[in-house]
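# Report on the structure
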Amino acid sequence: MKYLSTLLFLLFITILTYAQQGALKGVVTNKNRKPVQFATIAIKTLHSGATTDQQGAFSIRNIPPGSYDVIISMIGYQSVVQRETIVAGQTTNIRISLEEDLSKLNEVVVTGVSRATAARKNPIPVAVIGKREMNMNVNNNLIDAIVKGIPGVSAVTTGPNISKPFIRGLGYNRVLTLFDGVRQEGQQWGDEHGIEIDQYGVSRAEVVKGPASLTYGSDALAGVINMMPDIPEIAPRKLHGSFLTDYHSNNGMIGTSIGLAYGSNDWKYVFRATAKTAHNYQNKIDGYVYGTAFKEYNLTALARVDKSWGYSQFGATLYDNTQEIPDGSRDSLTRRFTKQVREDDDIKDRPMVPDRALRSYSINPLHQHIQHYRMYNRTKWNIGNGDINTMLGVQQSIRREFNHPEMPAQPGLYVVLNTLNYDVRYNLPEMSGVETTVGVNGMYQSNKSRNGTDFPIPDYQLFDIGGFFFAKKSFGKVDVSGGIRYDNRSIRWNDFYVGPDKQNNFEQHVLPPDTAGARLQFPRFKHSYTGISGSVGATWNISERILVKANIARGYRAPNITEIGSNGLDPGAHIVYLGNRSFKPEFSLQEDIGIQAWLPDMDISAELFNNNIDNYIYQAKLYDNNGNPVVIVPGNATYRYQQSAARLYGAEVSVNLHPRVLKWLTMNNSIAYTQGRNQNKELVEKHGDDARYLPFIPPTHIRSELKATAQKTHACFSKSYVRLEADVIADQPHFYGVDNTETFTPGYTLLNVGAGTGILNKKGNTICEVFLQLDNIWNVAYQANMNRLKYFEYYNSSPNGHLGIYNMGRNFSAKVIVPF
């Protein structure tokens, strides 16, 4: 009887609690009073929401009494924010009519600005790509999907799973990669590993095209790519989730990912687990390219609480990638790939790789193992009409490269990078129409070598701090913004000795004072780099549909560790790097001007830029006085970093057609043009055109897409589309040709076709979404200008007339997403 009384009491309390809550129901239609399916209704302060069904109806239950801003949004329509009052025990009914979206410029961005800002008010060029578009661009990695969707972004690649982003001809430590606003730190100076982020866990990417040093300091000289985690809107006290599977025929890539989300009162929890695996990719020139298989695992956990005082979001990620290391060795007659089985061998004596190994998902002994761990917190405190935003993050990057065939368990390179990131900014209350922000951010780093045999960089410590001031104000139709920043970066390391390891006959790090028989590879170093950066720009809103932007920005970048400290072999890159301690920071001055128009039947965007860089740092092969290549480690090239002035300029133009009389049809067209000039007069006078241009400048890229989208649901199919793409890549005759560092790259055209649909059940709920893509329909053999494998060649000629390794051939991919 006691237990029954307790049960009845708990039941009564539960009923009473639910009776004290209310509900929100409604219908969403367009101006023609037709229901809008898949519209999102969100109550941001509660972090809860719903999606409309086929009749445009929605329902949100268990809402605490109070007044809330309800946000109704749908692609192709203007978002609506409506204040609604929820009464305990009652249902509030609303009816919303959405207007056609006049401009994507009303989209809000958070990257490269001090606070969330409408893109149309931001004079700095910012491009956005959403989750659905990334899903349509079914790629082996996230950066390739972004490259497809945003003109002016390109990538240096080393196989299908390794893409390093470039923005307008600049990359590596000049492009800052963020995850949820936290800068990604993982030895990004290296060529042979990607960005270490789960591609299936990203819902949106914002790309700043131009110096963003004002808000991020060093390493944002070329721009920023900020990848936002997927945090869905969910109903409270209900578990939501999705399962994704992805397949690619060319390299047999299989990707699976499961995401879960749960909301309880003010808290929301998100979890995602991902696994990817692939064998070697193929093309019709090389067949299967040995050394390009990979296995990748990701875990992500997020927790967020929303309160009247603001919000706090916690995140943790784990990345684990085992990636083979290609070296391009082949049999000279058959051109079949060979593999290294002895430490000091002759390329001509290596055995051929058997066919079964080329198609195997097993990772060969010569590979790299990269792990990245991250924990962070972002918090916002509302203080009167202003707010304070803080970020604190810790991350660890562990990088091992196994390059010893007779001792496969012995890493050649083994480095551990620990980073502490911090950011504090205060958005002051608006005064006389001026929004002002002051802030300070930076990082502390410690890099250590572990049980390796190769030491390209020393053990170092780095401390970075910068303070900035930012303000913006609107004068009628003109929005003006700008600011100034001061940075200081201190870097130091102690004497670093390397000596013989008698146990394995390689080399090892030798610690003082017992340095007998060892050599000093990295003498002690300590230096501070300082820089002033800033930005000022304006947007002139000629009308609701047409605007003009102009901006001028000064960027700053301190030399990275490999540019000033390297003195050894990077096994994965097959390059011996030699740094220069006397380097100065890079400073850029970039001018941007653009016009954007969203017309009834088309939208147009044209952006021009000019970027002058002082103390530009680049690599060049090292030759002796007799003109012969310097060989420090047999079988590996030697590069020394150089510094000179440089200039980059170009344009991106997009013309997207969406005729009103054919609402189902869109045609998207873009062209990106970049030129990079080396302004080292002495070098140009000596080598002529070979020295006139900068390395890794993308060729002119034209992209056209014709897409047909069903306007209604047919049977069980919704949001169905088909599309045809053409990627036209021009010749690249402008390359850094000194010492054959780069060579001419012929142009090519790739045709791709894709289709997709949502599948509904009888109740109108989505069972799954399907995305299909066939890339390189005609199986064109090509070498991209920024494909590092193009230069993986041991011979000066070949029987088939082809040198280097070619890019991926025809590839069919299928992605299925099942929500639950």
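All of these numbers come straight from a predicted model, not from anything done at the bench.

Scanning the protein for helices and strands turns up 7 helices and 46 strands. Radius of gyration (C-alpha) of the protein: 28 Å, near the 28 Å computed for a compact globule of 820 residues. Principal-axis analysis of the C-alpha atoms places the extent of the protein at approximately 85 × 70 × 55 Å. Each of the 820 residues in the protein was classed as buried or not, and the buried ones make up 55%. Relative to all contacts within the protein whose residues are 6 or more apart in sequence, the contacts with residues 24 or more apart total 67%. Counting only carbon and sulfur atoms, one obtains 58% of the accessible surface of the protein, whose full area is about 34600 Å².

Bringing helix α3 (residues 142-149) into the picture now. In an α-helix, one turn spans 3.6 residues; hence positions three or four apart end up facing the same way. For α3, the buried fraction is high: 6 of the 8 residues fall into the buried class. Within α3, burial applies to L142, I143, A145, I146, V147 and K148. You can read the cap of α3 off the contacts: a side-chain oxygen lies 3.1 Å from the backbone nitrogen of I143, and it is on N141.

Positionally, I225 belongs in strand β17 (residues 223-229). Judged by relative accessible area, which is 0%, I225 ranks as buried. Distance from I225 to D592, taken between C-alpha atoms, is 18 Å for residues 367 residues apart in sequence. Those residues in contact with I225 that lie beyond four places of it in its chain are I146, P165, I167, V175, L176, T177, L178, E206 and V207.

This paragraph deals with the pairing of strand β40 (residues 637-657). Of the strand pairs in this sheet, strand β37 (residues 575-578) and β40 are connected by 4 bridges, and their pairing is parallel. In the strand pairing of β40, V576 is matched with T638. Relative to β40, strand β39 (residues 602-621) is paired through 18 bridges, and the arrangement is antiparallel. If you follow Y616 over to β40, its bridge partner there is S644. For β40 and strand β41 (residues 665-678), the ladder comprises 12 bridges, and the chain directions are antiparallel. Along β41, the bridge assignment pairs S654 with S670.

It is worth spelling out the sheet that holds strand β15 (residues 182-183) at this point. Ordered in space as β10-β16-β17-β14-β15, the 5 strands form an open sheet in which the pairing is mixed. Edge positions in the sheet fall to β10 (126-130) and β15, since each has one partner strand and no second. By the bridge criterion, 5 bridges tie β10 to strand β16 (residues 202-209) in an arrangement that is antiparallel. Across the sheet, residue A127 finds its bridge partner in β16, namely V207.

On to the side chain of S535. Tracing the backbone shows S535 in strand β34 (residues 525-541). A residue is classified by how much of its surface remains accessible, and S535, at 10% relative accessible area, is buried. In this structure the side chain of S535 is engaged in a polar contact, spanning 3.3 Å, whose partner is the side chain of N551. If sequence neighbours within four positions are ignored, S535 has contacts with I124, L214, S481, G482, G483, N551, I552 and A553.

Overall, antiparallel pairing links the 4 strands, which are arranged β3-β2-β5-β6 in an open sheet. Both outer strands of the open sheet, β3 (48-51) and β6 (80-86), are each paired with one neighbouring strand and no more. Averaged over all pairs of adjacent strands, the angle between their axes in this sheet comes to 25 degrees, without regard to strand direction. For strand β2 (residues 40-43) and strand β5 (residues 66-73), the ladder comprises 4 bridges, and the chain directions are antiparallel. The residue bridging A42 from the neighbouring strand is I71, located in β5.

This brings us to the pattern of salt bridges. In total, this model carries 40 salt bridges according to the counting rule given. Taking the shortest distance from any N to any O, the salt bridge between E769 and R132 comes out at 3.0 Å. With E769 in strand β45 (residues 766-775) and R132 in helix α2 (residues 131-136), this pair connects stretches of sequence that are 637 residues apart. A residue is classified by how much of its surface remains accessible, and E769, at 18% relative accessible area, is buried. In this structure, R557 engages E563 in a salt bridge whose closest nitrogen and oxygen atoms are separated by 3.1 Å. Comparing R557 with E563 shows no difference in burial state: the two are buried. Each of K148, R703, E705, R723, E725, D727 and D775 takes part in salt bridges that share partners, so that together they form one network.

Positionally, S154 belongs in strand β11 (residues 153-157). The residues contacting S154, other than those within four sequence positions of it, are V147, K164, P165, F166, P698 and M786.

Once that is clear, we can look at the packing of aromatic side chains. All told, the structure shown has 14 aromatic pairs when counted by the stated rule. Judged by centre distance (5.7 Å) and plane angle (55 degrees), the ring pair of F455 and F496 falls under tilted. Here the residue F455 occupies a position in the loop between β28 (434-449) and β29 (460-475), and F496 occupies one in strand β31 (residues 496-501), the gap between them amounting to 41 residues. According to the relative accessible area criterion, F496 is buried, its value standing at 2%. Where Y618 meets Y736, the ring centres are 5.4 Å apart and the plane angle is 70 degrees; that geometry is what we call edge-to-face. Taken together, the positions of Y618 in strand β39 and Y736 in the loop between β43 (717-729) and β44 (748-760) put the pair 118 residues apart, joining distant regions of the chain. In this structure Y618 comes out as buried when scored by relative accessible area, which is 4%. Taken together through their ring pairs, the aromatic side chains of F166, Y172 and F696 make up a single cluster. Directly above the aromatic system of Y311 lies the positively charged group of R304, at a separation of 4.0 Å from the ring centroid. Here the guanidinium or amino end of K473 rests over the ring plane of F475, the centre of that ring lying 5.3 Å away.

Inspection of the secondary structure assignment puts S718 in strand β43. Counting along the chain gives 471 residues from S718 to Y247, while the straight-line C-alpha distance between them is 22 Å. What S718 contacts, discounting residues up to four positions off in sequence, is F38, T713, T757, G758 and L760.

Most of strand β24 (residues 310-324) sits out of view: 12 of its 15 residues are buried. For strand β23 (residues 294-307) and β24, the ladder comprises 14 bridges, and the chain directions are antiparallel. Following the sheet pairing, A303 is matched in β24 by F314. Once β23 ends, the chain turns through 2 residues before running back antiparallel as β24.

Looking at soluble globular proteins, one finds that nonpolar side chains tend to be buried together. In terms of nonpolar packing, the biggest core is built from 44 residues, with I146 and M227 touching the most fellow members. Among the elements that line this core, the one with the most residues is β39, at 5 residues. Residue contacts for I146: discarding those within four places in its chain leaves I129, V153, A205, V207 and I225. Listed in part, the 25 residues of the second largest apolar core include I457, V498, Y556 and Y639.

Criteria and thresholds
Residues numbered from 1 in each chain as written. Predicted model: local features only at pLDDT ≥ 70, side-chain atom pairs only at ≥ 80, totals over all residues. Heavy atoms only, no water. Helix = DSSP H or I, 4+ residues; strand = E, 2+ residues; numbered from the N terminus. Rg over C-alpha atoms; globule rule 2.2 N^0.38 Å. Buried < 20%, exposed > 50% of the residue type's maximum accessible area, 1.4 Å probe, protein only. Contact = heavy atoms within 4.5 Å. Areas by Shrake-Rupley, 256 points an atom, 1.4 Å probe, with all protein chains shown as cover. Polar contact = N/O pair within 3.5 Å; in protein donor to acceptor, adjacent residues only side chain to side chain. Pairing = 2+ DSSP bridges. Axes fitted to C-alpha atoms, helices over the stretch in contact; angles between N-to-C directions. Salt bridge = Lys/Arg side-chain N within 4 Å of Asp/Glu carboxyl O. Phe/Tyr/Trp six-rings, centres within 6.5 Å; stacked < 30°, edge-to-face > 60°. Lys NZ or Arg CZ within 6 Å of the ring centre and 35° of its normal. Core = buried A, V, L, I, M, F, W, Y, C linked by side-chain atoms within 4.5 Å.

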